[in-house]
Amino acid sequence: MRAVTVNPGVADSLRLVEDHPEPLPEEGAILVEALAVGICGTDHEIIAGEYGEAPPGADRLVLGHESLGRVLEDPSGTLQPGDLVAGIVRHPDPVPCPNCAVDEWDMCRNGQFTEHGIKALPGFARDRWRLQPRFAVGLDPSLAPVGMLLEPTSVVAKAWEHIERIGARAEWQPRTVLVTGAGPIGLLAALLATQRGLAVHVLDRNTTGPKPGLVRALGATYHTESVCELDFEPDVVLECTGAPVVVLDVMYKIAPTGIVCLTGVSSGGRTIDLDAGALNRSLVLENNVVFGSVNANRRHWDLAAAALARADPSWLDALITRRVSVEAYAEAYTPEPDDIKVVLEFGS
Ligand SMILES: [Zn+2]
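Every value quoted in this text rests on a predicted model; they were computed, and no experiment measured them.

Draft legend 1. Main features of the pattern of salt bridges. For the structure on display, the rule yields 19 salt bridges. Two residues, arginine 126 and glutamate 27, come together in a salt bridge whose shortest N-O distance is 3.1 Å. Of this pair, arginine 126 sits in the loop between strand E9 (120–121) and strand E10 (128–131) while glutamate 27 sits in the loop between strand E2 (15–17) and strand E3 (30–39), placing them 99 residues apart in sequence. Salt-bridge contacts for aspartate 339 lead to arginine 322; the nearest nitrogen and oxygen are separated by 3.0 Å. Of this pair, aspartate 339 sits in the loop between helix H9 (329–332) and strand E19 (341–345) while arginine 322 is found in strand E18 (residues 320–325), placing the two residues 17 residues apart along the sequence. In this structure, aspartate 339 and arginine 322 share a single accessibility class: buried.

Right, dumping it as structure tokens:
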């Protein structure tokens, strides 16, 4: 069968293997036929040789962590043949740490977790794959064209759950949300904000392309000015750029008792001037919280599946700006200027 693979640590080793072995029964009872995988920045880092780890004893890693497939067989009876399914990316560490011991692998303490298509587990960019029932998330049949958005949605479902848990420390009635960055994570974070009935503002550099229209279609406001120039103080910020200046600006801009959730991963290596005392003063005197959030556990994947099933299917479809057949895989992994989400499609 076909599989999109890299040699981790070796730049530009991306290759479509035509004779990849079938998934092993040990991978799980549920056999799945691949429909599509979504592509994100992590895939590009792996292809550049900066990230990624092959499974033990292998020299190549199958890519793909944003999965969508159709169940071929499930002797466990958890799902039925024909059901849409996505695979949870992260598996708990074997020690396990206190968090992995209770299936909160998104909060792993020792870093020994494994991840499909990223770290020591084969990815989903292959014709067939297997899942254990506990890592299989069923999807509403209406999500067939867009179900590969479940993985990025799980990341923002976790971010929102943690924002609300932090907010519950005191009386909390948030009204305005600022999302910085209108990539897939930012747009999905904005979708979940609108589902909560909040006034949503999305800030991005792009003045053209599909992003402004997608934001307005949510009933949200699109901004291209700097964070400092905004004429309101948000109660919640979801920072999705990782750009150092934006990260600092939102910490100053947040309203009293406000919460800043950082989801963007910065590359580091760039220093900027910072008045640390003034920032500390502002955070203390306003009871602000700034926290980081990554990955998602089973609870968040289930919340994400419910959120996607409630969303406008045509809006979700518009997030997918290119669909590329697996045979043309090299095109799919070559970024283009107006890309939001690029999807690699399997199927016969
Ligand atoms: Zn752990």
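Draft legend 2. Local environment of the coordination of the zinc ion. For the zinc ion, the protein coordination sphere consists of Asp93 (OD), Cys97 (SG), Cys100 (SG) and Cys108 (SG), at 1.9 to 2.3 Å. Because the angles between the 4 donor atoms bound to the zinc ion fall within 99 to 121°, the donor set is best described as tetrahedral. Looking at cysteine 97, the relative accessible area reads 5%, which means it is buried. For cysteine 108, a relative accessible area of 16% gives the class buried.

Draft legend 3. Summary view of the nonpolar core. Val4, Leu238, Leu316, Tyr333 and Leu344 are the most contacted members of the largest nonpolar core, which totals 94 residues. Among the elements that take part in this core, helix H3 (residues 184–195) stands out by supplying 7 residues, more than any other. In terms of nonpolar packing, the next biggest core, distinct from the first, is built from 10 residues, Leu178, Phe232, Val246 and Val250 among them.

Draft legend 4. Structural detail: the packing of aromatic side chains. Evaluated as defined, the whole model comprises 2 aromatic pairs. The side chain of arginine 90 reaches across the aromatic face of phenylalanine 113, ending 3.5 Å from its centre. Positioned above the aromatic ring of phenylalanine 113 is the side chain of lysine 119, whose terminal nitrogen or guanidinium carbon lies 4.7 Å from the ring centre.

Draft legend 5. View of the sheet that holds strand E13 (residues 199–203). Reading across from one edge, E14-E13-E12-E15-E16-E17 is the order of the 6 strands in this open sheet, with parallel pairing throughout. The sheet is open, and its two edges are formed by strand E14 (221–223) and strand E17 (289–292), each paired on a single side. Neighbour to neighbour, the strand axes of the sheet diverge by 15° on average, direction disregarded. As defined by bridge partners, strand E16 (residues 259–262) adjoins E17 across 4 bridges and the pair is classed as parallel. Among the inter-strand pairings, leucine 262 is bridged to a residue of E17, identified as glycine 292.

Draft legend 6. Region of interest: the state of the cysteines. The full count for this structure, using the stated rule, is 0 disulfides. In this structure cysteine 40 is a free cysteine whose sulfur lies 13 Å from that of cysteine 240, the closest cysteine sulfur available.

Draft legend 7. Region of interest: helix H5 (residues 244–253). Of all 10 residues in H5, 7 are buried; the element is thus mostly enclosed. What H5 keeps buried is the set Val246, Val247, Leu248, Asp249, Val250, Met251 and Lys253. Buried residues in H5 make contact with strand E12 (176–180), strand E15 (236–239), E16, helix H6 (276–285) and E17.

Criteria and cut-off values
Residues numbered from 1 in each chain as written. Predicted model: local features only at pLDDT ≥ 70, side-chain atom pairs only at ≥ 80, totals over all residues. Heavy atoms only, no water. Salt bridge = Lys/Arg side-chain N within 4 Å of Asp/Glu carboxyl O. Helix = DSSP H or I, 4+ residues; strand = E, 2+ residues; numbered from the N terminus. Buried < 20%, exposed > 50% of the residue type's maximum accessible area, 1.4 Å probe, protein only. Donors = N, O, S within 2.8 Å, 3.2 Å for Na, K, Ca; no water. Tetrahedral: all angles 85-135°; square planar, octahedral: opposite > 155°, others 65-115°. Core = buried A, V, L, I, M, F, W, Y, C linked by side-chain atoms within 4.5 Å. Phe/Tyr/Trp six-rings, centres within 6.5 Å; stacked < 30°, edge-to-face > 60°. Lys NZ or Arg CZ within 6 Å of the ring centre and 35° of its normal. Pairing = 2+ DSSP bridges. Axes fitted to C-alpha atoms, helices over the stretch in contact; angles between N-to-C directions. Disulfide = S-S within 2.5 Å. Contact = heavy atoms within 4.5 Å.

None of this, on its own, says anything about what the molecule does.
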